[in-house]
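Commentary on secondary and tertiary structure
These are the residues of each chain, in order.
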Amino acid sequence: MASRPWGMQLPPPPVVQAQYTPEKIVKVNTETGWNKEESNKNQQKVAVDFTAAKSRKVYLPAGTLWYDFWTNEKVNGGQEITRKTTIDMIPLYVKAGAILPVGPKVQFATEKKWDNLEIKVYPGKNGSFILYEDEFDNYNYEKGAYTEIEFLWNDASKKITISSRKGEYNGMLSIRKFTIVLPSGIEKEIIYKGTKIEEKF
């Protein structure tokens, strides 16, 4: 499966300085290089609390509404905000109108079935997304062996349309479940059999 969650906003780059461990500039001799023994000898041990909350400044572009991926809090664009962070969480914001598919946690593509996808929809603007799938491990997609399923969000009518599946390939899922989730917590399960479905929220 290949899919790209367009519309997401990551501050570029999310981390450019160490937040938990002290940084030290090491002068290197251009002829002899880095003296590891000398560096370790002069190094001071510092206790580090990796559970401490930190913060990061993030600029959100103007002209749209943004959603905090972790909390679903709505934030207007065109401003710089300060976001609390932890060692395992970077600031991540999703643009209004984005449709974001979330699959199972896997180490490799075929470890688990992809028959139950969560589809996160972020209201505020119309949005679209095409879910592309193929056989995972060969070049048959070059011969047309792949599928595309288009998702359309109409913000005025609060309606999602899942279009009829285009294409086919060996081993494709003919029946699957999509769980549509809004930031408000409202969610609906849709059993998809390859034909067009519309659902209002």
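Residues numbered from 1 in each chain as written. Predicted model: local features only at pLDDT ≥ 70, side-chain atom pairs only at ≥ 80, totals over all residues. Heavy atoms only, no water.

Attention now goes to the overall build of the chain. Assigned secondary structure in the chain consists of 1 helix and 15 strands. Looking at the chain as a whole, 31% of its 201 residues are labelled buried. Approximately 13,400 Å² of the chain is accessible, and the part contributed by carbon and sulfur atoms is 49%. (Helix = DSSP H or I, 4+ residues; strand = E, 2+ residues; numbered from the N terminus. Buried < 20%, exposed > 50% of the residue type's maximum accessible area, 1.4 Å probe, protein only. Areas by Shrake-Rupley, 256 points an atom, 1.4 Å probe, with all protein chains shown as cover.)

Alignment of strand β7 (residues 99-102) against strand β8 (residues 116-121), held across 4 bridges, turns out to be antiparallel. Residue Leu100 lies in a different strand from β8, and its bridge partner there is Lys120. Bridge count between β8 and strand β13 (residues 176-181): 5 bridges; the pairing is parallel. Counterpart to Glu118 in the pairing with β13 is Thr179. (Pairing = 2+ DSSP bridges.)

Our focus in this paragraph is the pattern of salt bridges. By the definition in use, this model includes 8 salt bridges. A salt bridge links Glu118 to Lys120; the nearest nitrogen and oxygen atoms lie 3.1 Å apart. Given a relative accessible area of 29%, Glu118 falls into the partly exposed group. Notably, a salt bridge pairs Glu198 with Lys196, separated by 3.7 Å at the nearest N-O pair. Among the residues examined, Lys196 registers a relative accessible area of 52% and is labelled exposed. Each of Lys159, Lys196 and Glu198 takes part in one network of salt bridges that share partners. (Salt bridge = Lys/Arg side-chain N within 4 Å of Asp/Glu carboxyl O.)

As a further point, take the nonpolar core. Within the largest apolar cluster, 18 residues are counted, with the highest numbers of intra-cluster contacts made by Ile119, Val121, Phe151 and Phe178. Counting residues per element, the ones that place at least two in this core are β8, β9 (127-134), β10 (146-154), β11 (159-162), β13 and β14 (187-192). For Phe151, the contacting residues outside a window of four places in its chain are Ile99, Ile119, Gly127, Ser128, Phe129, Leu131, Ile160, Thr161, Ile162 and Phe178. Judged by nonpolar contacts, the second largest core, of 7 residues, contains Leu65, Tyr67, Val94 and Ala98. (Core = buried A, V, L, I, M, F, W, Y, C linked by side-chain atoms within 4.5 Å. Contact = heavy atoms within 4.5 Å.)

Moving on: the side chain of Thr64. For Thr64, the location among the structural elements is in the loop between β2 (54-60) and β3 (65-68). Accessibility expressed as a relative area gives 12% for Thr64, which makes it buried. Excluding residues within four positions of it along the chain, Thr64 makes contact with Asn76, Gly77, Lys95, Ala96 and Lys125.

Let's shift gears to the side chain of Lys120. Considering the arrangement of structural elements, one finds Lys120 in strand β8. Residue Lys120 is classed as buried on the basis of its relative accessible area, which comes to 17%. With near-sequence residues (within four places) excluded, Lys120 lies in contact with Phe69, Ala98, Ile99, Leu100, Val102 and Val181.

Functional significance is not addressed by these values, which are geometric in nature.
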